[in-house]
Amino acid sequence: MIQLIRGFKDILPEEIMLWQHIEIQASVLLENFGFREIRIPVMERTELFARSIGEDTDIVEKEMYTFPDRKGELITLRPEATASVVRAYIQHRMYNPDPVQKLYTIGPMFRRERPQKGRYRQFYQIDAEVFGVESPLIDAQMIHMLTTLFSRLNITDCTAHINSLGCPACRPEFKAALMQKLTDRMDRLCEDCQRRSVKNPLRVMDCKVPSCREALTDIPSLLNYLCPDCKIHFETVRSQLDTLQVKHEIDRHLVRGLDYYTRTAFEIQTGLLGAQSAVVGGGRYDGLVKALGGPDIPGIGFAIGFDRLAELASRSMPGIAKKPNLFIAALGNAAQLKAFEWVSQLAVSGIQAEMDMSNRSLKSQMRQADRLGSSRVLIVGEQELENQSAILRDMTDKTQISLPFEGLVEKLHSILNSLG
RNA sequence: GUGGGUGUAGCUCAGUCGGCAGAGCACCGGGUUGUGGCCCCGGUUGUCGAGGGUUCAAUCCCCUUCACUCACCCCA
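Every value quoted in this text rests on a predicted model; they were computed, and no experiment measured them.

Thresholds, definitions, all that
Residues numbered from 1 in each chain as written. Chains lettered and ligands numbered in written order. Predicted model: local features only at pLDDT ≥ 70, side-chain atom pairs only at ≥ 80, totals over all residues. Heavy atoms only, no water. Near = heavy atom within 4 Å. Polar contact = N/O pair within 3.5 Å; in protein donor to acceptor, adjacent residues only side chain to side chain. Helix = DSSP H or I, 4+ residues; strand = E, 2+ residues; numbered from the N terminus. Nonpolar A, V, L, I, M, F, W, Y, C, P; charged D, E, K, R; others polar. Phe/Tyr/Trp six-rings, centres within 6.5 Å; stacked < 30°, edge-to-face > 60°. Buried < 20%, exposed > 50% of the residue type's maximum accessible area, 1.4 Å probe, protein only. Lys NZ or Arg CZ within 6 Å of the ring centre and 35° of its normal. Pairing = 2+ DSSP bridges. Contact = heavy atoms within 4.5 Å. Axes fitted to C-alpha atoms, helices over the stretch in contact; angles between N-to-C directions. Domains from an automatic or database assignment. Salt bridge = Lys/Arg side-chain N within 4 Å of Asp/Glu carboxyl O. Disulfide = S-S within 2.5 Å.

Caption draft 1: Expanded view of the protein's contact with RNA strand B. Inspection of the region around RNA strand B gives 50 residues, with Arg111, Arg119, Arg196, Arg203 and Lys398 positioned closest. The contact atoms of RNA strand B, taken as those within 4 Å of the protein, divide so that sugar and phosphate hold 50%. The contact in question runs from a phosphate oxygen of RNA strand B to an N or O atom on the side chain of Gln116, over 3.2 Å. Arg371 has a polar side-chain atom sitting 3.1 Å from a phosphate oxygen of RNA strand B. A total of 7 residues in the surface near RNA strand B trace back to one element, the largest contributor, which is helix 14 (residues 362-372). Taken together, the residues that form the surface near RNA strand B break down as 13 nonpolar, 15 polar and 22 charged.

Caption draft 2: Spotlight on the packing of aromatic side chains. All told, the structure shown has 11 aromatic pairs when counted by the stated rule. Both rings, one in Trp19 and one in Phe306, keep their centres 4.3 Å apart while their planes meet at 10°; by these two values the pair is stacked. Highlighted residues: Trp19 in helix 1 (residues 13-32) and Phe306 in helix 12 (residues 306-316), separated in sequence by 287 residues. Neither residue differs from the other here; Trp19 and Phe306 are each classed as buried. Summarising the aromatic geometry, the rings of Tyr260 and Tyr261 are spaced 4.9 Å apart at their centres and angled 50° between planes, so their arrangement reads as tilted. The exposure class assigned to Tyr261 is buried, which follows from its relative accessible area of 6%. In textbook terms, an aromatic cluster arises when at least three aromatic residues are bridged by ring pairs, as seen for Tyr89, Tyr95, Phe131, Tyr260, Tyr261 and Tyr285. It is Lys9 that lies over the ring of Tyr120; its NZ or CZ is 4.5 Å from the centre.

Caption draft 3: Just the sheet that holds strand 10 (residues 278-284), in detail. Taken in spatial order, the 8 strands make up an open sheet running 1-5-6-11-10-9-7-8, and their pairing is mixed. The strands lining the two open edges of the sheet, one partner per strand, are strand 1 (36-37) and strand 8 (248-250). Bridge count between strand 1 and strand 5 (residues 101-110): 2 bridges; the pairing is parallel. Within strand 5, the position partnered with Arg36 by the bridge is Leu103. Contacts between helix 4 (residues 82-91) and the sheet are confined to strand 5 and strand 6 (122-131), with strand 6 contributing the most and set at about 40° to the helix.

Caption draft 4: How the structure looks around the sheet that holds strand 13 (residues 353-355). Across the sheet, 5 strands lie side by side as 13-12-14-15-16; this open sheet has mixed pairing. Single-partner strands in this sheet number two, and they are strand 13 and strand 16 (400-404). The mean angle between the axes of side-by-side strands here comes to 25°, regardless of whether they run parallel or antiparallel. Helix-sheet contacts for helix 14 involve strand 12 (326-330), strand 13, strand 14 (376-380) and strand 15 (389-394), and the interaxial angle to strand 12 is about 170°.

Caption draft 5: Up close: the domain arrangement of chain A. Segmenting chain A into domains produces domain 1 (13-170 + 226-316) and domain 2 (326-418). Spacing between the C-alpha centres of domain 1 and domain 2 amounts to 50 Å.

Caption draft 6: Representation of helix 14. All of the buried residues along helix 14 are Ser364, Gln365, Met366, Gln368 and Ala369. If you follow the buried residues of helix 14, they end up packed against strand 12, strand 14 and strand 15. A positive backbone phi angle near 85° is found at Gly373, which sits one or two residues after helix 14.

Caption draft 7: Main features of the pattern of salt bridges. Throughout the structure, instances matching the rule amount to 12 salt bridges. Residue Arg51 is joined to Glu47 by a salt bridge in which the shortest nitrogen-to-oxygen separation is 3.4 Å. With a gap of 4 residues between them, Arg51 and Glu47 both fall in helix 2 (residues 46-53), about one helical turn apart. Arg51 sits in the partly exposed class, given a relative accessible area of 47%. On the accessibility criterion, Glu47 (48% relative accessible area) is partly exposed.

Caption draft 8: View of the environment of Phe340. Turning to its location among the elements, Phe340 is positioned in helix 13 (residues 333-348). Here the alpha-carbon distance between Phe340 and Ala321, two residues 19 residues apart in the chain, equals 24 Å.

Caption draft 9: Quick look at the environment of Ala275. Of note, Ala275 is situated in the loop between strand 9 (262-270) and strand 10. Among the residues examined, Ala275 registers a relative accessible area of 63% and is labelled exposed.

Caption draft 10: View of the pairing of strand 11 (residues 299-305). Burial within strand 11 is extensive, with 7 of its 7 residues counted as buried. In this sheet, strand 11 lies alongside strand 6 in antiparallel orientation, the contact comprising 7 bridges. Looking at strand 11, one finds that Asp127 is bridged to Ala303. Pairing geometry for strand 10 and strand 11, over 5 bridges, is antiparallel. Within the sheet, the bridge partner assigned to Arg284 lies in strand 11 and is Ile300.

Caption draft 11: Spotlight on the state of the cysteines. On inspection of all chains with the given rule, the structure shows 0 disulfides. Summary of cysteine pairing: Cys167 is not part of a disulfide, and the nearest cysteine sulfur, belonging to Cys230, is at 3.4 Å. Taking the relative accessible area as the measure of exposure, Cys167 reaches 11% and is therefore buried. The closest cysteine sulfur to the non-disulfide-bonded Cys170 is located on Cys227, 3.7 Å from its own sulfur.

This is the structure:
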């Protein structure tokens, strides 16, 4: 048997109802907030990701599906969506005439990591980006939008964490101070942190190894190093979250892995997904559009882990199944042909009807109807053919009425529609 | 990339200290020659994850490999 690729998965029909539900809730909400959908390709030139995500990140260094196409050009299966959305924004000059654009997209991403709970090599994200808004109000609005989505999906046990990463004006100073501490304490840091100290010192702050945390209890807080502009920005985000009554925590350890983030960084975290605590990650990236060759326009965005969100949502919303409106049980060939006709006509008119095509006993057809959850069964056999009228059984209260063949489909249509 | 756990029927899992492969659920049929759920009776289902080795004999022991799973790393 040929099995699917490691870390990939099928989303089966039983799960799809939930996925569609989430997708609808998310897109309705996003559109109410002024976002428009954009669809972008799943592959891009490798260079796009290398330049936007950062050469030294784990994603670019070892997690991307990169290969040469037939002409030898390096292309990559997208590991995230932001880079592509920014590319599209620039390429189609969407900033002209109005730099403000709110875009969202839903689709699969690919990273070649070792799979585990809540982590797949092909996974789905709901991604939203806002370009051209420098105001911190948009930061607060996006976080508010997310918590609203979560509550609409009946997801609790999640917390919004926020932090500020500063900007090119103030981060270097902080980085220098941090490096100083790290160098002093190098011998007390774990191996990973020693490596990180050089490559990406900010990441040392969210190390979970107890000895590292202990060694660094007195590291400087980035929040104390923020320049006046960043400080005001962050405080406005906080106060507006309070205004909107969005519960959130300041998390000084929150550092996003991708190079392009500036100022506000946020995550929505849960304790219900094993080691994968982040369900949403996002933040501001004021320099990215310019870095990718566009005008100097600020941006902010987030990515929701769809698989993780679905996992959480399924706990409060188990098993939504689609049931047929009607099952037609037919006995004998002539009756079966009648049923066949009716099923097709009903389907065309918007009613989901089911039938058995293998000419089984009435008992087994009734059993099948029951299993499918059909609330009504139309029975047609030799007697009914003689009388030219079929029996409609209500499976809940077991009552049966007789319906003449003449005008049957119309009649069923009105009966079943009035049931809702 | 590193480490732990698990692979037996469609599903959940027993089992054999090496000797013909099991249960529950599900499915199919019957009890009711044309009426579902509950009940009763009967039936189908397996390369015992794959390959190799040891053995008279391997699902069981050994090696290899693949997959799943959890954790580290990292992230959604």
